[in-house]
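Working through the structure, step by step
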Amino acid sequence: MAEGRATPVGIIVTVAFALPFIIVGLAAAYFGYQSHELLTVPLGLVFVGAGVAQIVRVLRRTRSAEARAAAIASHQSATLRDVLPPTNVDYRTATRTNFTALEIYGRVLGVAPLPPIRTRPGVSLPIALPIRDEASGIGTFVVGSIFFVGGLSMGIVAVFSSAGGGALMSGAFALVGALVLIFFFKKRMARLKLPHVELSTEPVFLGEPFRVHIIQVGPARITRLRVDLSCKERVTFTVGTDTRHEENEVFNQELLDDPGETLRAGERWPHDLHVTLPATCPASFKSKHNAIAWTLRVRAEILNWPDYDEHYELRALPKPVGLQ
Amino acid sequence: MSASIEMPFGTRYRPGSMLRGKVALLPLPGDEGQGVELAVLWETEGKGDTDLGVIYYRVLVDGSSPPSAARGEHPFEVQVPALPLTYNGTLIKIGWRVRVRRIGRIGSQDTVIDQPFEVSW
C-alpha cells in the first residue's frame, strides 16, 4: 500500500517536533536582523522553512493516497495539455497500420508514467539521444575543490605551526579532494569523445525493427567500441532510515563489439545497427520508486585518453494489437 | 458499511476501452459521518516502495452526507488509458484496481476493498 493517511497523533507529534524549529528560526532571524548580523537571518529562515515544510507535509497526508494521487494527476494534465507532442491517432478506425509510436501515443507521452526524454534532431537519423545522466557534475567539482583547497591550506598552516596530527588529517582531506577532482576531469575529458547516438524513431515499438547509428568522430584512437541494449527493472525502497536501490536485468543484447579504429581529426566512423526488441519484453515505465528502463550502453576504450562508458535511455512501448 | 464492486464486462480490458461498473453500498448502524471514496488506479507492488496513479476518483459519501446518501448503487465509467499495462516482473508488478475506501474514524484504520483487473493487449 502507498503511504497511509496521517493520524491525529501523528499530526500532533509532527507539529510538536516542527514548532521549536520555527520558533528558534524566527528568533534567530529577528535577533540577527536587529544586531545587523545578516548571515544569521537566512540561517534562521532555513529553520523556519524546514519546520513549516514538515507541517505542510503531514497536513497533506490527512487525505487518502488516492485523493492525493488524483490531485497530482489533475494538476499534471492541466500543466502538460499545451506542451504535448503531436496528436495521437485512433488506431481502431485508421486505414493504415504503419504508424510510429509517437503518432499512436502522442499526447499520452506527457502524462503516462514514462521517463521524460529530451531528444533532439539527429544528423543521419531523425532522433539524437541525450546521455541519461547529463548533469554537468559541477557539484562534484565544487565538493572536490573545497576538500582539496581546504585540506591543502589547513595542512600548510598545520605544518608551520608544528601540529603533526592536523597536517596528517588535512593531507587526507586534500587527497580525497584530489581524487574527486581527478574523477571529475576524467569524466569530462571522456565525454569530449562521445559518439553521436541516433535512432530512426523514438519511442520505439516492442517487436518492431528500428535503426541505431553510432557515429564516432575523430581525432580518437579507439581500441574497442561496444554497444549493448538492455532492459532493467529498478526499484528504490526504504529500510528504516536507509534508502536502497536494486535492479534486475530482464533483457540484454550485445549490438556491437568492434576492435577499434584510429580516426583523424574530423573523420567519422559510423555503425548502422538494425535492432528489433522482443515483443514479449516489458514496456518502459517510470514512477517515483519503480522503473522499467530500456538503455543503450555505449563504451569505448581509447588510447592515451580516458575511456567513456555512458547510458542512453529510450522509451519502448507496446504496439496496439489492431496494428500488428 | 458493506460495499461490493461489480464489473459486468469482466476483469480484462484493452487500452482505450471503456471500463464500466457500479459500487453498491449498504451502510450499517454506526456508519453515520464516515466518508467513502471510489478510485480506479494502477499500483506498483514488489520490492520497491509503492507508487500509484489514479485515473478516476470520486467521493461517494463525504462525512457530512445524510446516511441515506450512502445507500444504493453508484455507477462509474472510465476510459482505460494506454499505459501502463499490467505487468508481473521479478522486482516490480503493476496492477490495476477499482478501489473503494471507507475512511476510518479518528484513530481507526481505513477499510479498503479492491477489485483487481488486467490491462493488456
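1. Let's talk about the overall build of chain B
Of regular secondary structure, chain B possesses 1 helix and 9 strands. Going from the N terminus to the C terminus, chain B shows its helices and strands as β-β-β-β-β-α-β-β-β-β. Taken over 121 residues, chain B has a buried fraction of 50%. Long-range contacts, defined here as pairs at least 24 residues apart, represent 62% of the contacts in chain B between residues at least 6 apart. Working note: accessible area of chain B is about 5600 Å², and carbon and sulfur atoms make up 51% of it. The positive charge centre, built from 13 side chains, and the negative charge centre, built from 14, are 5 Å apart in chain B.

2. What to know about the packing of aromatic side chains
Residues and elements named next belong to chain A. On inspection of all chains with the given rule, the structure shows 12 aromatic pairs over all chains. When the ring of F184 is compared with that of F185, the centres are 5.1 Å apart and the planes differ by 75 degrees; the resulting orientation is edge-to-face. Taking relative accessible area as the criterion, F184 reaches 11% and is therefore assigned buried. Here the aromatic rings of F251 and W294 are separated by 5.6 Å at their centres, their planes lie at 50 degrees, and the arrangement is tilted. Placement of F251 in strand β7 (residues 242–258) and of W294 in strand β11 (residues 290–302) is noted, with a sequence separation of 43 residues between them. This pair shows no difference in class: F251 is buried, exactly as W294 is. An aromatic cluster is built from F17, F21 and F47, whose rings are joined through pairwise contacts.

3. Observations concerning the pattern of salt bridges
A full pass over the atoms with the stated rule returns 24 salt bridges over all chains. Here R99(B) ties to E66(A) by a salt bridge, and the two come within 2.7 Å at their closest N and O atoms. Residue R99(B) is found in strand β8 (residues 92–102), and its partner E66(A) is found in helix α3 (residues 65–80); the two belong to separate chains. Here R99(B) matches E66(A) in class, with each residue buried. Residues participating in the shared-partner salt-bridge network are E66(A), E43(B), E45(B), R97(B), R99(B), R101(B), D110(B) and D114(B).

4. Digging into the interface of chain B and chain A
Contacts between chain B and chain A engage 38 residues on the former and 41 residues on the latter. Where chain B meets chain A, there are 16 residue pairs in polar contact (both at pLDDT 80 or more). Of all elements in the fold, only β4 (36–46), β5 (52–61) and β8 of chain B reach the threshold of two or more residues within the side of chain B that touches chain A. Broken down by element, the side of chain B that touches chain A gets its largest block of residues, 6 residues, from β4(B). Taken together, the residues of the side of chain B that touches chain A sort by class into 19 nonpolar, 10 polar and 9 charged.

5. What to know about the nonpolar core
In this structure, Y105(A), W294(A) and L296(A) are the most contacted members of the largest nonpolar core, which totals 83 residues. Looking at this core, the element that brings in the most residues is strand β6 (residues 220–239) of chain A, giving 8 residues. Leaving out residues up to four positions away in the same chain, L296(A) has contacts with L129(A), V197(A), L199(A), V212(A), V227(A), D228(A), L229(A), L255(A), E310(A), H311(A), Y312(A) and L314(A). Grouped together as the second largest cluster of nonpolar side chains are 7 residues, A65(A), A70(A), L41(B) and V54(B) included.

6. Overview of the state of the cysteines
Residue and element names in this part refer to chain A. Within this structure, the stated rule accounts for 0 disulfides over all chains. Distance from the sulfur of C231, which forms no disulfide, to the nearest cysteine sulfur (C281) is 5.8 Å. Note on C231: relative accessible area 0%, which makes it buried. Judged by relative accessible area, which is 12%, C281 ranks as buried.

7. Remarks on helix α2 (residues 40–60) of chain A
Over its 21 residues, α2(A) extends 30 Å from the first C-alpha to the last, a length consistent with the 30 Å expected when each residue adds 1.5 Å. The inward-facing, buried residues of α2(A) contact α1 (8–34) of chain A.

8. Section: the confidence of the model for chain B
Residues and elements named next belong to chain B. When pLDDT is averaged across chain B, the result is 87; 93% of the residues are at 70 or more. Mean pLDDT across the elements of chain B ranges from a minimum in helix α1 (residues 67–70), with 69, to a maximum in strand β7 (residues 87–88), with 96. ipTM for the predicted complex: 0.90, alongside a pTM of 0.80.

9. Let's talk about the sheet that holds strand β6 (residues 72–79) of chain B
All names here are of chain B. In space, the 3 strands of this open sheet follow the order β1-β3-β6, with antiparallel pairing throughout. The open sheet has two edge strands with one neighbour each: β1 (2–6) and β6. Taking the axes of each pair of neighbouring strands and ignoring which way they run, one obtains an average angle of 20 degrees across the sheet. The pairing of strand β3 (residues 18–26) with β6 spans 8 bridges and is classified as antiparallel. Residue V23 lies in a different strand from β6, and its bridge partner there is H74.

10. What to know about the confidence of the model for chain A
Residue and element names in this part refer to chain A. For chain A, per-residue confidence averages 84 on the pLDDT scale, and 90% of positions sit at 70 or higher. At the low end of the mean pLDDT range in chain A sits α3, at 72; at the high end sits strand β10 (residues 285–286), at 96. Segment residues 78–87 is flagged for pLDDT under 50; beyond a separation of four residues in sequence, or across chains, it makes 12 contacts in the model.

11. Description of the packing of α1(A) against α2(A)
Residue and element names in this part refer to chain A. Where α1 contacts α2, the axes come no closer than 7 Å and their chain directions differ by 160 degrees. By the angle between their axes, α1 is roughly antiparallel relative to α2. By crossing handedness, the relation of α1 to α2 is classed as left-handed. Here the residues of the contact of α1 with α2 sort into 17 nonpolar, 8 polar and no charged.

Rules used in this analysis
- Residues numbered from 1 in each chain as written.
- Chains lettered and ligands numbered in written order.
- Predicted model: local features only at pLDDT ≥ 70, side-chain atom pairs only at ≥ 80, totals over all residues.
- Heavy atoms only, no water.
- Helix = DSSP H or I, 4+ residues; strand = E, 2+ residues; numbered from the N terminus.
- Buried < 20%, exposed > 50% of the residue type's maximum accessible area, 1.4 Å probe, protein only.
- Contact = heavy atoms within 4.5 Å.
- Areas by Shrake-Rupley, 256 points an atom, 1.4 Å probe, with all protein chains shown as cover.
- Lys, Arg positive; Asp, Glu negative; His and termini not counted.
- Charge placed at Lys NZ, Arg CZ, Asp CG, Glu CD.
- Phe/Tyr/Trp six-rings, centres within 6.5 Å; stacked < 30°, edge-to-face > 60°.
- Salt bridge = Lys/Arg side-chain N within 4 Å of Asp/Glu carboxyl O.
- Polar contact = N/O pair within 3.5 Å; in protein donor to acceptor, adjacent residues only side chain to side chain.
- Nonpolar A, V, L, I, M, F, W, Y, C, P; charged D, E, K, R; others polar.
- Core = buried A, V, L, I, M, F, W, Y, C linked by side-chain atoms within 4.5 Å.
- Disulfide = S-S within 2.5 Å.
- Expected span 1.5 Å × (residues − 1).
- pLDDT = per-residue confidence, 0-100.
- Pairing = 2+ DSSP bridges.
- Axes fitted to C-alpha atoms, helices over the stretch in contact; angles between N-to-C directions.
- Parallel < 35°, antiparallel > 145°, perpendicular 65-115°, else oblique.
- Left-handed = near helix turned anticlockwise from the far one by under 90°.

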